[in-house]
Amino acid sequence: QVQLVESGGGLVQAGGSLRLSCAASGVLIRFYSMGWYRQAPGKQRELVARITTGGSTNYADSVKGRFTISRDNARNTVYLQMNSLKPEDTAVYFCKIDVVGSWGQGTQVTVSS
């Protein structure tokens, strides 16, 4: 009964910011690497950011310097802080547990020009 619930998406103007949350249940995320992915209309799902159990991070080149992934193991939650948003960031954003391979339902992010 592993469940991931993403939230925090919405409509924002270019240059704005959003903070996405991924709340997990049925699993303790402290034992797993976590990732944020996104899928734009007509495009394949792509990795945006990843964080290991030790806190090491990795980002897609397109979001480096603008997005920050973090984790709060006490709250069993992973976050994605998105700054300086661009229209090309528009997508459904998904949370994923590494190894386990569980996905959330996604949250829509729309960036207008």
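Everything that follows concerns the structure shown earlier in this document.
What counts as what
Residues numbered from 1 in each chain as written. Predicted model: local features only at pLDDT ≥ 70, side-chain atom pairs only at ≥ 80, totals over all residues. Heavy atoms only, no water. Salt bridge = Lys/Arg side-chain N within 4 Å of Asp/Glu carboxyl O. Buried < 20%, exposed > 50% of the residue type's maximum accessible area, 1.4 Å probe, protein only. Pairing = 2+ DSSP bridges. Helix = DSSP H or I, 4+ residues; strand = E, 2+ residues; numbered from the N terminus. Axes fitted to C-alpha atoms, helices over the stretch in contact; angles between N-to-C directions. Polar contact = N/O pair within 3.5 Å; in protein donor to acceptor, adjacent residues only side chain to side chain. Contact = heavy atoms within 4.5 Å. Phe/Tyr/Trp six-rings, centres within 6.5 Å; stacked < 30°, edge-to-face > 60°. Disulfide = S-S within 2.5 Å.

## Some details on the pattern of salt bridges
As enumerated under the stated definition, the model contains six salt bridges in all. Two residues, aspartate 72 and arginine 75, come together in a salt bridge whose shortest N-O distance is 3.8 Å. Its relative accessible area of 61% is what places arginine 75 among the exposed residues. Each member of the salt-bridge network shares a partner with another, and the members are Arg38, Glu46, Arg66 and Asp89.

## Focus on the sheet that holds strand S10 (residues 107-112)
Across the sheet, which stays open at both edges, the six strands sit in the order S2-S10-S9-S4-S5-S6 with mixed pairing between neighbours. Every interior strand has two partners, whereas the edge strands, strand S2 (10-13) and strand S6 (57-59), have only one. Looking at each pair of strands side by side, their axes are set apart by 25 degrees on average, direction ignored. By the bridge criterion, five bridges tie strand S4 (residues 34-39) to strand S5 (residues 46-51) in an arrangement that is antiparallel. Bridge pairing links tryptophan 36 to alanine 49 in S5.

## A look at the side chain of threonine 77
The residue threonine 77 is located in strand S8 (residues 77-82) in this model. Within the structure, threonine 77 has its side chain in polar contact with the backbone oxygen of arginine 75 (distance 2.8 Å). Setting aside anything within four residues of it in sequence, one finds threonine 77 in contact with Ser21, Cys22, Ala23, Ile29, Arg71 and Asp72.

## Details of the pairing of strand S3 (residues 18-25)
Successive residues of a regular strand alternate their side chains across the two faces of the sheet. Taken together, the five bridges between strand S1 (residues 3-7) and S3 define a ladder with antiparallel strand orientation. Residue pairing in the sheet places glutamate 6 in a bridge with cysteine 22 of S3.

## Focus: the packing of aromatic side chains
Scanning all chains against the criterion turns up two aromatic pairs. Summarising the aromatic geometry, the rings of tyrosine 37 and tryptophan 103 are spaced 4.9 Å apart at their centres and angled 65 degrees between planes, so their arrangement reads as edge-to-face. In this pair, tyrosine 37 is assigned in strand S4 and tryptophan 103 in the loop between strand S9 (91-97) and S10, connecting sequence segments 66 residues apart. For the pair phenylalanine 94 and tryptophan 103, a centre-to-centre distance of 6.4 Å together with 85 degrees between the ring planes defines the contact as edge-to-face. Accessibility expressed as a relative area gives 35% for tryptophan 103, which makes it partly exposed. An aromatic cluster is built from Tyr37, Phe94 and Trp103, whose rings are joined through pairwise contacts.

## Remarks on the state of the cysteines
Per the counting criterion, the structure on display carries one disulfide. There is a disulfide in this structure between cysteine 22 and cysteine 95, and the S-S distance comes to 2.1 Å. Note on the cysteine 22 and cysteine 95 pair: the S-S dihedral is about -85 degrees, so by sign convention the disulfide is left-handed. Taken as a pair, cysteine 22 in strand S3 and cysteine 95 in strand S9 lie far apart in primary sequence, 73 residues in all. Look at cysteine 22 and you get buried, because its relative accessible area is 1%.

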